[in-house]
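Here are the chains, one letter per residue:
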Amino acid sequence: MCWNSRHADQAANGGGTKECSMTISPTTDTTRRLRVALIGAGLMAKSHTLAYGALPTLFPALGAAPELSVLADVDDARAESGARQLGFSRWTSDWREAVNDPEVDVVDIVTPNWLHYEVAMEAIAAGKHVYCEKPLAITAKEARAMWEAAREAGVSTVVGFSYLGNPGVQLIKRLIDDGTLGDVWSIKGHFVVDANADPSLPRTWHYERSKAGLGALGDIGSHVISLVQALGGPITRVFGDLATVVPQRPEASGALSYGSKAAADAPLLPVENDDVATVLGRLANGASVVIEASRVGNGHPFDLGVEVFGSKGSVRFSQQDSYKVELFLRGEEPAVFPGTTTVTLGPGHGDYAAFWPFPGVTLGLHELKAIEIRNLFQAILDGTQAYPSFEDGWRVTEVLEAAERSSRAGAWENVSH
Ligand SMILES: NC(=O)c1ccc[n+]([C@@H]2O[C@H](COP(=O)([O-])OP(=O)(O)OC[C@H]3O[C@@H](n4cnc5c(N)ncnc54)[C@H](O)[C@@H]3O)[C@@H](O)[C@H]2O)c1
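Residues numbered from 1 in each chain as written. Predicted model: local features only at pLDDT ≥ 70, side-chain atom pairs only at ≥ 80, totals over all residues. Heavy atoms only, no water.

Describing the pattern of salt bridges
Then step 1. Applying the stated criterion to the full structure yields 22 salt bridges.
Then step 2. In this structure, Glu80 and Arg84 form a salt bridge, with 3.0 Å as the shortest nitrogen-oxygen distance. Linking Glu80 with Arg84, this pair stays in helix H3 (residues 76–86), spanning 4 residues, or about one helical turn.
Then step 3. By relative accessible area, which is 30% here, Glu80 ends up partly exposed. (Salt bridge = Lys/Arg side-chain N within 4 Å of Asp/Glu carboxyl O. Helix = DSSP H or I, 4+ residues; strand = E, 2+ residues; numbered from the N terminus. Buried < 20%, exposed > 50% of the residue type's maximum accessible area, 1.4 Å probe, protein only.)

Concerning the site of the ligand
Then step 1. With respect to spatial proximity, 25 residues lie near the ligand, and among them Met44, Asp73, Arg78, Asn113 and Lys134 are the closest.
Then step 2. Note that an oxygen atom of the ligand is positioned 2.8 Å from one of the side-chain N or O atoms of Arg78.
Then step 3. Between Asn113 and the ligand, the recorded distance is 2.6 Å, taken from a side-chain N or O atom to an oxygen atom.
Then step 4. Here the ligand has 860 Å² of accessible area as a free molecule, and 89% of this is covered by the chains.
Then step 5. Elements represented by at least two residues in the shell around the ligand include exactly helix H2 (43–58), helix H9 (216–232) and helix H10 (365–382).
Then step 6. In terms of residue class, the shell around the ligand is made up of 11 nonpolar, 8 polar and 6 charged.
Then step 7. Taken together, domain 1 (2–159) and domain 2 (163–414) each give at least three residues to the shell around the ligand, which thus spans both. (Near = heavy atom within 4 Å. Polar contact = N/O pair within 3.5 Å; in protein donor to acceptor, adjacent residues only side chain to side chain. Areas by Shrake-Rupley, 256 points an atom, 1.4 Å probe, with all protein chains shown as cover. Nonpolar A, V, L, I, M, F, W, Y, C, P; charged D, E, K, R; others polar. Domains from an automatic or database assignment.)

Everything listed here is a matter of geometry and, on its own, says nothing about what the molecule does.
This is the structure:
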């Protein structure tokens, strides 16, 4: 916008430039400004803010645009530098101040997991719309209360499951819903990373049961559960096997971020949640589910995939190769080269056209976050819930809890929904 107006001015005035406003995007008089309070200034604060910045450019007809109002972080220095770097007008080290600020419409929660419940409940009580990262809460009871409070207050909510908006996932959903794949017989999904494979990495909040909830299963497995339930419906029974393979890690100290190291002489503290999780499950329609989550999967820096097997064919999607899905349809194999077909994703698939006018470009996490925020803003304009809502977030936490119960008991467990 700035670039365009500067050049338009140059053309009109025969050279020279004029100041353009701080507007980050094209807006019109009818565009509704939604003022955002971001709670937390860590890794995901950056991703969300990049997406807010891109939103009006990607979705110019949306009718709503973000205003980065206030950033809150418990750490003064992080709050101040975060606000400056990310472009927020104000900062505070008291999240309650930000949440109850009358100049705020949307509360965006990117804190460690244990704070999601408290911040979201206060935001809902203050009548704010809420964007909350996953997993929605530490317990299913809290997550359900969050969903019920939001529904009763009539505020819009969205949970940061990120990948549900990928055009490849949207295509798979369409192939299931329109019957192309036939009856869904089984779904398998995995999210394996090696970000935590180094045992010398410090014991941050991610390894504490009370602060993170589950480990690999809650952190990244929750994405797979959200995908499975979005595609196949509710998971009703599970058999979980949760394992901690690095039982102790050195105490963390100082400011922490991904890749930071603990002091060489730091005392070792227990890891309180799972590094590797395998979950077998059943969907309401009887279909079989396999979910794998690992945060110590050496050699797999970022490996998220889902595969659906139906009575008429199968389809496979990998976030690493998110420009395509692999599709097999029984009876439609080409005679000469039978097997799967690569469907290259393009402007005809889901929200792809917002990003590129030609097919084959991989969409990454920051871009998917823009789709998520678009969903929230559209829901706010329409007075509805966004997708995926706090209800979807709560239903994932029920699966997490059932898997943990099952792992402890060594037996199948029903999932409450
Ligand atoms: N959707 C995704 O793909 C994705 C990816 C990574 C993380 N996440 C989720 O995002 C959330 C944040 O993760 P992160 O990696 O950004 O964490 P992080 O540890 O990098 O950042 C958390 C921030 O919260 C701040 N904080 C802690 N206590 C606070 C308080 N009382 N008030 C205000 N701020 C406080 C910390 O100082 C820190 O700056 C988590 O729920 C995580 O599960 C989602």
